[in-house]
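Observations on the three-dimensional arrangement
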Amino acid sequence: MVRRKIALITASFLLYHSSSAQNNTNPLGEIHGNFEINAQYYNEDTLIGAPPVPEKMLSNAYSNVIYTRGAFTAGIRYESYLNVMQGFDPGYKGAGIAYRFASYTVENLEITVGNYYEQFGSGLVLRAYEEKGLGFDNCFDGVRLKMNPYRGVYLKALVGQQRIYFSKAGLVRGFDGEINFNEFFTGLSEAKTGFILGGSFVSKFQTDDDPALVLPQNVGAWAARFNITRGNFSLYGEYAYKINDPSYDNGYIYKYGDAMLLQANYSKKGLGISLAAKRIDNMSYKSDRDMSGNVLTINYNPVLTKQHTYTTLAMYPYNSQNVGEFCYQADFLYKFRKETPLGGKYGTDVALNFSSAHSLDTTNLNDDTLAMKGYTSDYMKIGDKLYFQDVNIEINKKFSPKLKMTLIYAYQVYNIDILRGKPGYEDIQSHIIVVDVTRKLKDDASIRFQAEHLATQQHNETGDASFAAGLVEWTISEHWFIAAQDVYSYANINPEKSVHYWNATVGYLKGTNRIVLGYGKQRAGIFCVGGVCRYVPASNGITLTVSSSF
Amino acid sequence: MKNMRIFAAGVLAFIALTAFVQTQARKLPSIDVKSTEGKTVSTSKFTNDGKPIVISFWATWCTPCKKELNEIAEVYSDWQKETGVKLIAISIDDSKTSVKVKPYVDSKAWEYEIYLDVNSDFKRAMNVVNVPHTFVLNGSGEIVWETNVYTEGGVEKLHEVIAKVAKGEKIEN
């Protein structure tokens, strides 16, 4: 480790001294970075199911430092999980340099060595990204080339291993090309219609050391995409195909996988419409076929449901089903103009959203051989199982320069059997109402009230049914805020478990520094960012977050 | 032990270098982002003819970000007349919500320049931890002010900063 650090530092120095890089105003280059720590002190709380934590205090932290000089960039990220906070993968336990890279651009070629993130198209065959809130990071460690050989032509090629905790595994090779016709053909540069075509190929290698099965050692996947824009209209489509890839996730079947994504939108002043549909079939694609969970994933499955931020709306979130799903979504945004009956003095914004996720229509093959294909699926049909549905309307209204309100109603259906693996529970059907009122006080000060209610006849695996929630947030100045929240599970089938999950926070913000201290109870639940979820266990204690950037 | 000493010396030298280079003005890195039409654009090409630029990181799922940008939208044309400022809104929506960016922007009739940073490459290069995060650049393209919080009075504060930058006055973050 130490030797690697020295090598890195030496490398930046050598480059600093020897490089004759073209430069503008910063002959010495620039160094910037950021830092964040999340720490929690845990109390045992048997009522809400918060387990005792032997260490008492746990923390996750990281810091990025990036050096740039002209066309040269190098960076490192130090991460520490001492020890890993509850609800994050315990595999991260430890500390060290988890990410380091150097990158240089000459003319139209960009070379990156070390760690890098990348996405081809919408990510259906390849996406390396990080989501700190989930403890998700599947960055590559290897080499990447990016080239713009001719106007409108963009090429990327990469080879690398993938990050798993503080180690790396697998072997992935990838190529992506994109052509923008309006840039490529000078005659089309002023054309009303914009047209872009793209394609990718990805291959992973893993030796076959299975005593019984004959496994493909190289698994290839490809994707093709288009993007058409004309005036107020745009259409994006992508299709991806993966050869047979027996894995833990698909039960070691030899079926191919494929994915389709279509997105269309139309918009003009005061109006926005977007439609999306997606079909995913057997598309779990990992650097290690025997792995499960959110590690070593090569591709990405974008979830097509609204990303809610209010507590009750996000209580039963959808998580993408890589084994198979059919999803669609529609959004309609409209602004009633000022000085109209519904618009009032300041105008009224209305947002309608509908999303639905279903199983595929599959037929089991019962081909009980060593090389079984598993099942076939019908492209023309949607399966009969509903996984998730969400119909919601959001109204944003400003009454005066000092008073604003948001009103949301949602009806959600959540298949707890499929999405949480809890068979025997009925689908949770909930009606949710959220009211959020902000009143501006003088100068920077404001006060915000939030009231929420989730009504349902069904109960989840911990016995919870309906919830009521409230929040008061007082922004005292641009530097200080305090907030108090209560989430009350008032209809648990076990009356003594009808609990108030309250918490209070105080925050200090100055420049890019942010310090937030909290105390209270956190209910057990699923925390999701974009269809990727982690389970957060119940906890009771003090939390501290400090973040900064320079 | 010897390795440790070399390492410690390296770290010290690194810190010294950091302190030294930090006195230099900070500029935008060169990262590829996409327009809502899918066109690839390098962030190093962001210009505004010697006038200030505001770069605002946001997402369609970020309520405070939308509040802030909607509030600015009401006074944006006044700001432009007064200071010549250009606001560039960088959406960090990824492929699940990036399709919603243009309908949202148009329905709100925002006059900003909009770019998509679908895999957070620009966000990472700018060391942005969370959205909203707003940067103000002076006429020479140097970052002179930044904030990562939205408050009800924040828009007025941003206006003061832009007005000072447009006049060439010094800014304290």
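Residues numbered from 1 in each chain as written. Chains lettered and ligands numbered in written order. Predicted model: local features only at pLDDT ≥ 70, side-chain atom pairs only at ≥ 80, totals over all residues.

Focus: the overall build of chain A
Heads up, the condition is: By the criteria applied, helices consist of DSSP H or I runs no shorter than four residues and strands consist of E runs no shorter than two, each listed in order from the N terminus. Partly exposed residues are those whose C-beta has more than 12 but fewer than 20 other C-beta atoms within 10 Å; with 20 or more the residue is buried, with 12 or fewer it is exposed, and the C-beta atoms are placed from the backbone. Contact between residues is assigned whenever the C-beta positions, reconstructed from backbone atoms, fall within 7 Å.
Scanning chain A from terminus to terminus reveals 3 helices and 30 strands. Projected onto its principal axes, the C-alpha positions of chain A cover 65 × 60 × 60 Å. Within the span of chain A, comprising 550 residues, buried residues form 37% of the whole. Sequence-distant contacts in chain A: of pairs separated by 6 or more residues, those separated by 24 or more amount to 56%.

Section: the overall build of chain B
For chain B, the helix and strand inventory stands at 5 helices and 8 strands. When the helices and strands of chain B are placed in sequence order, the string is α-β-β-β-β-α-β-α-β-α-β-β-α. By the burial criterion, 48% of the 173 residues in chain B qualify as buried. For chain B, the proportion of contacts with a sequence separation of at least 24, taken over those separated by at least 6, is 70%.

A short note on the sheet that holds strand β6 (residues 113–116) of chain B
Residues and elements named next belong to chain B. Rules: By this definition, two strands are paired if DSSP reports at least two bridges between them. Angles shown run from 0 to 180 degrees and are taken between the N-to-C directions of axes, each axis being a line fitted to C-alpha atoms and, for helices, limited to the stretch in contact.
The strand order across the open sheet formed by 8 strands is β1-β8-β7-β4-β5-β6-β2-β3, and the pairing between neighbours is mixed. The open sheet is flanked by β1 (26–27) and β3 (40–42), the only strands paired with a single partner. Strand direction decides the pairing type here: β1 and strand β8 (residues 142–147), joined by 2 bridges, are antiparallel. Following the sheet pairing, Arg 26 is matched in β8 by Ile 143. Most of the contacts of helix α2 (residues 63–83) go to strand β4 (residues 53–58), to which it runs at about 150°, and overall it touches β4 and β5 (86–91). Packed onto the sheet, helix α5 (residues 154–166) meets β4, β7 (133–137) and β8 and runs at close to 20° relative to β7.

A closer look at α5(B)
All names here are of chain B. So the rule is basically this: Expected helix span is computed as 1.5 Å times (number of residues minus one).
Here α5 spans 18 Å end to end across 13 residues, near enough to the 18 Å set by a 1.5 Å rise per residue. Buried residues along α5 sit against β4, α2, β7 and β8. Among the residues trailing α5, Gly 168 stands out with phi positive, at a value near 80°.

Some details on the nonpolar core
Put simply, the rule reads: For this analysis, nonpolar core means a set of buried Ala, Val, Leu, Ile, Met, Phe, Trp, Tyr and Cys residues linked through C-beta atoms within 7 Å.
Core analysis: the largest hydrophobic core is formed by 75 residues, its most contacted members being Val125(A), Trp58(B), Ile90(B), Val136(B) and Ile162(B). The element contributing the most residues to this core is β4(B), with 5 residues. Leave out the neighbours within four places in its chain, and Ile162(B) touches Pro52(B), Val54(B), Trp79(B), Thr83(B), Val85(B) and Val136(B). The next biggest cluster of nonpolar side chains, apart from the first, holds 27 residues, and it includes Tyr318(A), Ala357(A), Leu360(A) and Ile432(A).

What to know about the interface of chain B and chain A
Under the convention used in this document: Following the grouping adopted for this structure description, the nonpolar residues are Ala, Val, Leu, Ile, Met, Phe, Trp, Tyr, Cys and Pro, the charged ones are Asp, Glu, Lys and Arg, and the polar ones are all others, Gly among them.
Counting residues at the interface gives 51 residues for chain B and 67 residues for chain A. Counting residues per element, the ones that place at least two in the side of chain B that touches chain A are α1 (2–21), β1, α3 (101–107), α4 (121–125) and α5 of chain B. For the side of chain B that touches chain A, the element with the most residues is α1(B), which contributes 9 residues. Within the side of chain B that touches chain A, the residues separate by chemical class into 18 nonpolar, 19 polar and 14 charged.

Points about the packing of α2(B) against α5(B)
Geometry of a packed helix pair, given as the angle between the helix axes and the separation of the axes. All names here are of chain B. Test applied: For classification, angles of less than 35 degrees are called roughly parallel, those exceeding 145 degrees roughly antiparallel, those between 65 and 115 degrees roughly perpendicular, and all remaining angles oblique. By convention, the crossing between two helices is left-handed when the near helix turns anticlockwise from the far helix through less than a right angle, and right-handed when the turn is clockwise.
Relative to each other, α2 and α5 sit at 25°, their axes nearing to 11 Å. In terms of orientation, α2 and α5 fall into the roughly parallel class. Handedness of the crossing formed by α2 with α5: right-handed. Here Glu 68, Glu 71, Ile 72, Trp 79, Glu 82 and Thr 83 of α2 come into contact with α5, specifically with Gly 154, Val 155, His 159, Ile 162, Ala 163 and Ala 166. In the contact of α2 with α5, the residues fall into 6 nonpolar, 3 polar and 3 charged.

Some details on the pairing of strand β13 (residues 193–205) of chain A
Residue and element names in this part refer to chain A. Residues Gly 194, Ile 196, Gly 198, Ser 200, Val 202 and Lys 204 line the buried face of β13, whereas the alternating positions Thr 193, Phe 195, Leu 197, Gly 199, Phe 201, Ser 203 and Phe 205 sit on a face that is not buried. Bridge count for strand β12 (residues 167–180) against β13 is 9 bridges, and the pairing is antiparallel. Within β13, the position partnered with Asn 180 by the bridge is Ile 196. Bridging between β13 and strand β14 (residues 218–230) involves 13 bridges; their strand directions are antiparallel. Note that in β14 the partner of Ile 196 across the bridge is Asn 227.

A closer look at the pairing of strand β19 (residues 348–364) of chain A
All names here are of chain A. Note: strand β18 (residues 324–336) against β19, 11 bridges, orientation antiparallel. Each residue of the ladder has a partner; that of Lys 335, found in β19, is Asp 349. Relative to strand β20 (residues 375–400), β19 runs antiparallel, the two sharing 15 bridges. Opposite Thr 362, over in β20, you have Ser 377 as the bridge partner.

Considering α2(B)
Residues and elements named next belong to chain B. For clarity, the threshold we go by: Two axes enter the bend calculation: one fitted to the seven residues ending at the residue in question, the other to the seven starting there, and the bend is the angle between them.
Maximal helix bending in α2 amounts to about 55°, located at Val 75. Within the span of α2, buried status applies to Cys 65, Lys 67, Glu 68, Leu 69, Ile 72 and Trp 79. Once α2 ends, the next one or two residues include Gly 84, with phi positive near 75°.

Quick look at unusual backbone geometry
Most peptide bonds adopt trans geometry, and most residues besides glycine take a negative phi value. Going from Leu82(A) to Asn83(A), the amide bond is cis rather than trans, its omega being -25°. Tracing the backbone shows Asn83(A) in the loop between β3 (72–81) and β4 (94–106). Note that the residue after Val131(B), namely Pro132(B), is joined by a cis bond; omega there is 0°. Locating Pro132(B) in the fold gives a position in the loop between α4 and β7. One non-glycine residue with positive phi stands out, namely Lys56(A), at about 70°. Mapped onto the elements, Lys56(A) comes out in the loop between β1 (30–43) and β2 (57–69). Exposure remark for Lys56(A): the 11 C-beta atoms within 10 Å place this residue in the exposed category. Even without glycine at this site, Leu296(A) takes up a positive phi of about 55°. In this structure, Leu296(A) sits in the loop between β17 (271–281) and β18.

Comments concerning the environment of Ala59(B)
Residues and elements named next belong to chain B. Within the element layout of this structure, Ala 59 appears in the loop between β4 and α2. With 22 C-beta atoms counted inside 10 Å, the residue Ala 59 sits in the buried group. In this structure Ala 59 touches Cys 65, Ser 91, Ile 92, Asp 93 and Val 131, once residues within four positions along its chain are discounted.

Focus on the confidence of the model for chain A
Low pLDDT means the predicted atomic positions in that stretch should not be read closely. Where we set the bar: The predictor attaches a confidence to each residue, called pLDDT, with possible values from 0 through 100.
Per-residue confidence for chain A gives a mean pLDDT of 91, with 94% of residues at or over 70. Contacts for the low-pLDDT stretch residues 13–24 of chain A, under 50 throughout, to residues beyond four places or in other chains number 13 contacts.

Side note on the environment of Ala259(A)
All names here are of chain A. Within the fold, Ala 259 resides in strand β16 (residues 257–268). Taking the number of C-beta atoms within 10 Å as the measure of exposure, Ala 259 has 26 and is therefore buried. In the structure, Ala 259 is positioned 158 residues away from Phe 101 in sequence and 32 Å away in space, judged by C-alpha atoms.

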